[in-house]
Amino acid sequence: MTAKDDDADRESVSSVPDDSCACGDASQPTIYRPFWRDSRGRMGRRGYARVLATVGGLAALASLTAPVLGLTRVFERSYTGPVYSDGVALVDSEGDRIAETRLSEGEQLTVFPEPRPGIDRAPTLLVRFPEEEYGGETRMEFTVSGYAAFSKVCTHAGCMVADRDDTTLVCPCHSGRFDPLSGASVTGGPPPRPLPQLPITLSSDGELIATGDFEGHVGPGGE
Ligand code: FES
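Computed from a prediction, not measured in an experiment: that's the story for all the values here.

## Some points on the overall build of the chain
Regarding its fold elements, the chain presents 4 helices and 11 strands. For the chain, buried positions account for 38% of its 223 residues. Excluding contacts between residues fewer than 6 apart, the proportion of contacts in the chain whose partners are at least 24 apart in sequence is 57%.

## What about the sheet that holds strand β7 (residues 177-179)?
Read across the open sheet, the 4 strands follow the order β5-β6-β7-β8; overall the sheet is antiparallel. Unpaired on one side and paired on the other, β5 (163-165) and β8 (185-188) mark the two borders of the sheet. The mean inter-strand angle of the sheet, taken between neighbouring strand axes irrespective of direction, is 40°. Here 3 bridges tie β5 to strand β6 (residues 168-170), and the two strands are oriented antiparallel to one another. In the strand pairing of β6, D165 is matched with T168.

## Considerations on the environment of T143
For T143, the position within the fold is in the loop between β3 (124-128) and β4 (147-151). What makes T143 buried here is the crowd of 21 C-beta atoms within 10 Å. The contact partners of T143, leaving out residues within four places of it in the chain, are Y134, T138 and A148.

## Some words on the environment of E131
Position of E131 among the secondary structure elements: in the loop between β3 and β4. E131 gets classed as partly exposed once you count the C-beta atoms within 10 Å, which come to 14. As a C-alpha pair, E131 and E105 span 26 residues in sequence and 9.5 Å in three-dimensional space.

## Some thoughts on the sheet that holds β3
Either a parallel or an antiparallel arrangement is found when strands of a sheet pair, and the pairing is made through backbone hydrogen bonds. What the 5 strands build is an open sheet, ordered β1-β2-β3-β4-β9; its pairing is antiparallel. Edge strands, defined here as strands with exactly one partner in the open sheet, are β1 (90-91) and β9 (197-198). Direction of pairing for strand β2 (residues 108-113) relative to β3: antiparallel, over a ladder of 4 bridges. If you follow Q108 over to β3, its bridge partner there is V127.

## Some thoughts on the pairing of β4
Within β4, 5 of the 5 residues are buried, which leaves the element mostly enclosed by the surrounding structure. Note that β3 and β4 share 5 bridges and pair antiparallel. Note that in β4 the partner of V127 across the bridge is A148.

## Some points on the nonpolar core
Core analysis: the largest hydrophobic core is formed by 42 residues, its most contacted members being L90, L126, A149, V161, L198 and I200. Those elements that provide at least two residues to this core are β1, β2, β3, β4, β6 and β11 (208-210). Counting residues per element, this core draws most heavily on β4, at 4 residues. What V161 contacts, discounting residues up to four positions off in sequence, is L125, K152, C154, L169, V170, C171, F178 and L195.

## Details of the pairing of β8
Across 3 bridges, β7 lies against β8 in antiparallel orientation. Bridge pairing in β8 places D179 opposite S185. Here β7 folds back onto β8, and the loop between the two strands holds 5 residues, one of which, G183, carries a positive phi near 65°.

## Section: the confidence of the model for the chain
Residues of the chain with pLDDT of at least 70 account for 65%, and the chain-wide mean is 78. Within the model, the stretch residues 12-75 combines pLDDT values under 50 with 69 contacts to residues more than four positions away or in other chains.

Criteria and cut-off values
Residues numbered from 1 in each chain as written. Predicted model: local features only at pLDDT ≥ 70, side-chain atom pairs only at ≥ 80, totals over all residues. Helix = DSSP H or I, 4+ residues; strand = E, 2+ residues; numbered from the N terminus. Buried ≥ 20, exposed ≤ 12 C-beta atoms within 10 Å, placed from the backbone. Contact = placed C-beta atoms within 7 Å. Pairing = 2+ DSSP bridges. Axes fitted to C-alpha atoms, helices over the stretch in contact; angles between N-to-C directions. Core = buried A, V, L, I, M, F, W, Y, C linked by C-beta atoms within 7 Å. pLDDT = per-residue confidence, 0-100.

Here it is, written out as structure tokens:
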């Protein structure tokens, strides 16, 4: 991956909703990106027929290009085990592991558990801020080098928390707002719970890995 590619892969920090590029955008780097970008929110608007047609097309493509990272695992929809466990590497949408230098302060990136990037609960928001800016409900022992990671699945109705307003993480479906500097606690909208935080650290190779699973239930429901 070139430096240019790397820059392009980082997610923008703006108040402009970014779900407009979730489906049908030829610039998206992998074919499974549509599954983690507000897919459930879009079903209601566009209908299941279109989604099923997309899945059918992806299945056909998968049979031809299985060596592409994670492609055959896109369809792990019934998996109910842990999302992460101790030592599981965080990877980007291309399957590349995340080096400590990957993000600058204020940036964010959607990452996945390396062994199973295609499951429903996999999308994870990785953020980086100056360490001294974290506080409140943040589990500081779950952070490393200014990085914190949270589930990207909204605790209200399961949409992807895909937008950003200054430092606030925003869910585009019903404007749920989460503060990543305070454990992704809810600061607005209908979500009943924070986004669960993922305990992370750096491996001996300087790459981000999990030290366990999310601290709470991922998505709607749970306590
Ligand atoms: S699904 Fe996120 S606010 Fe409703």
